[in-house]
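Examining the three-dimensional arrangement
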Amino acid sequence: MSVQRLPSSYKIFHGQRSSASFSPLSTHSLFLFRNGARITHASPFPSIKIRRECRKIAKKGFLVQATSESSFGLHKWLPASDVSISDVLWPSAGAFLAMAMLGRLDQFVASKGISFTIAPLGAVCAVLFATPTSPAARKSNMFVAQIACAAFGVLAFSLFGPGWLARGASLAASIGFMIATGTTHPPAASLPLLFIDGAKLHKLHLWYALFPGAVGCLLLCLIQEVVIYSKENFKF
């Protein structure tokens, strides 16, 4: 596949798959490059016209992609025809394997009244397997956020007891911490609420900062590596 580079980071790909890139020059004007031709749109709502052009290109079998995020919030457009079986199969298989293994671990801790198959880890699976390159899927973000947010839940429960005040304070602290430290990982924000409302988890005290969230994430990270390897080497 040859690549023709155009000014202002525009790229046109020639071959089996092609690409069109766009970027706003002003609030009323957009330039769209399609197969080497520049199309000018002047409209108070340029994103609507750009989306329409993207759909037309996608219908012809091209891959439409922006080189950078624009002020209109236009992201990558991926036609359904460009999603391979591997893109669906391996992440789904990874999620199944993750829940199966976490369920197996539950058999060893069931006598203590706790579980690895908690809702936050389901959300972690979605992040790791469906969007492995997103900031939320970074290992550092995940573990720091998981440990900190769980600890905020324990601390809020100790200070305020069960109720709306503990939930609000722990969630606010969790979000503030993730923003301040740059460790955004949305699934971790549910850990404080899970602890405050889960009577069986109260016996863990500060151990809850590591178990089951952070410990479960270790297993999920290993499975993610298997999924990534499988997608790259066993394509359908």
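Residues numbered from 1 in each chain as written. Predicted model: local features only at pLDDT ≥ 70, side-chain atom pairs only at ≥ 80, totals over all residues. Heavy atoms only, no water.

Here we come to the pattern of salt bridges. When charged atoms on two side chains of opposite charge get close, those side chains can pair. One pass over the full model with this rule turns up three salt bridges. Ionic pairing is found between Asp87 and Lys231, a salt bridge with its closest N-O pair at 4.0 Å. Taken together, the residues span a long stretch of sequence, with Asp87 in helix 2 (residues 85-109) and Lys231 in helix 7 (residues 213-233) at a distance of 144 residues. Classification of Asp87 as partly exposed rests on a relative accessible area of 33%. (Salt bridge = Lys/Arg side-chain N within 4 Å of Asp/Glu carboxyl O. Helix = DSSP H or I, 4+ residues; strand = E, 2+ residues; numbered from the N terminus. Buried < 20%, exposed > 50% of the residue type's maximum accessible area, 1.4 Å probe, protein only.)

This prediction gives the protein chain a mean pLDDT of 77; 65% of its residues lie at or above 70. Counting contacts from residues 1-45, a segment whose pLDDT is below 50, to residues more than four positions away or on other chains yields 109 contacts. Across residues 63-80, where pLDDT falls below 50, the model places 49 contacts with residues more than four positions away in sequence or in other chains. (pLDDT = per-residue confidence, 0-100. Contact = heavy atoms within 4.5 Å.)

Here we take up unusual backbone geometry. In this structure, the amide linkage connecting Phe211 to the following residue, Pro212, adopts the cis form with an omega of 0°. Considering the arrangement of structural elements, one finds Pro212 in the loop between helix 6 (191-197) and helix 7. The phi angle at His205 is positive, at roughly 55°, despite the residue not being glycine. Counting through the fold element by element, His205 comes out in the loop between helix 6 and helix 7. Taking relative accessible area as the criterion, His205 reaches 53% and is therefore assigned exposed.

The next point concerns the packing of helix 4 (residues 139-160) against helix 5 (residues 164-181). Where helix 4 meets helix 5, the closest approach of the two axes is 9 Å, and the angle between their N-to-C directions is 150°. Here helix 5 runs roughly antiparallel to helix 4, going by the angle between their axes. The element helix 4 and its partner helix 5 pack so that their crossing is right-handed. When helix 4 is examined against helix 5, the residues Val144, Ala145, Ala148, Cys149, Phe152, Gly153, Ala156, Phe157 and Phe160 are found in contact with a partner set consisting of Leu165, Ala166, Ala169, Ser170, Ala173, Ser174, Phe177 and Met178. (Axes fitted to C-alpha atoms, helices over the stretch in contact; angles between N-to-C directions. Parallel < 35°, antiparallel > 145°, perpendicular 65-115°, else oblique. Left-handed = near helix turned anticlockwise from the far one by under 90°.)

Another point: the side chain of His202. Within the fold, His202 resides in the loop between helix 6 and helix 7. With residues near it in sequence (within four places) discarded, His202 still touches Phe157, Phe195 and Ile196.

Glancing now at a nonpolar patch on the surface. A grouping of Ile85, Leu89, Tyr229, Phe234 and Phe236 is seen on the molecular surface, where their side chains present a nonpolar patch of about 550 Å² in accessible area. Relative to the elements of secondary structure, Ile85 occurs in helix 2. (Patch = residues over 30% accessible without salt bridge, like charges linked within 9 Å, V, L, I, M, F, W, Y side chains within 5 Å. Areas by Shrake-Rupley, 256 points an atom, 1.4 Å probe, with all protein chains shown as cover.)

Take helix 3 (residues 119-130) next. Given 3.6 residues per turn, any residue in an α-helix points the same way as the ones three and four places further on. With 12 residues, helix 3 should cover 16 Å at 1.5 Å per step; its first-to-last C-alpha distance of 17 Å lies within 8% of that length. Among all positions in helix 3, only Pro120, Leu121, Val124, Cys125, Val127, Leu128 and Phe129 are buried. Contacts from the buried residues of helix 3 go to helix 2, helix 4, helix 6 and helix 7. (Expected span 1.5 Å × (residues − 1).)

A word on the UniProt feature "transmembrane region" (unreviewed entry) in the protein chain. Mapped onto the present numbering, the UniProt feature "transmembrane region" (unreviewed entry) falls on residues 114-131, 143-165, 171-194 and 206-229. Annotation note: span residues 143-165, helix share 87%, strand share 0%, distance between end C-alpha atoms 26 Å. Taken end to end, residues 171-194 is 62% helix and 0% strand, and its two terminal C-alpha atoms sit 11 Å from one another. (UniProt positions renumbered as here; feature names shortened; annotations may be inferred.)

Here the focus is the nonpolar core. In this structure, Leu121, Val124, Leu128, Phe129, Tyr208 and Leu220 are the most contacted members of the largest nonpolar core, which totals 29 residues. Of all the secondary structure elements, the ones that give two or more residues to this core are helix 2, helix 3, helix 4, helix 6 and helix 7. With residues up to four places along the chain from it excluded, the contact list for Leu128 reads Ala137, Met142, Leu220, Cys221 and Gln224. Counting residues in each nonpolar core, the second largest holds five residues, with Ala145, Cys149, Met178 and Ala188 among its members. (Core = buried A, V, L, I, M, F, W, Y, C linked by side-chain atoms within 4.5 Å.)

Turning our attention to the environment of Ala156. By secondary structure assignment, the location of Ala156 is in helix 4. Sequence separation between Ala156 and Pro192 is 36 residues, and the spatial gap between their C-alpha atoms is 8.3 Å. Excluding residues that lie within four positions of it along the chain, Ala156 makes contacts with Gly161, Ala166 and Ser170.

This brings us to the packing of aromatic side chains. The tally for this structure, following the rule as stated, stands at six aromatic pairs. Judged by centre distance (5.8 Å) and plane angle (70°), the rings of Phe152 and Phe177 are edge-to-face. Highlighted residues: Phe152 in helix 4 and Phe177 in helix 5, separated in sequence by 25 residues. Classification of Phe152 by relative accessible area gives partly exposed; the value is 23%. Judged by centre distance (5.8 Å) and plane angle (90°), the ring pair of Phe157 and Phe195 falls under edge-to-face. In this pair, Phe157 sits in helix 4 while Phe195 sits in helix 6, placing the two residues 38 residues apart along the sequence. Taken together, the aromatic side chains of Trp90, Tyr229 and Phe234 make up a single cluster linked through ring pairs. (Phe/Tyr/Trp six-rings, centres within 6.5 Å; stacked < 30°, edge-to-face > 60°.)

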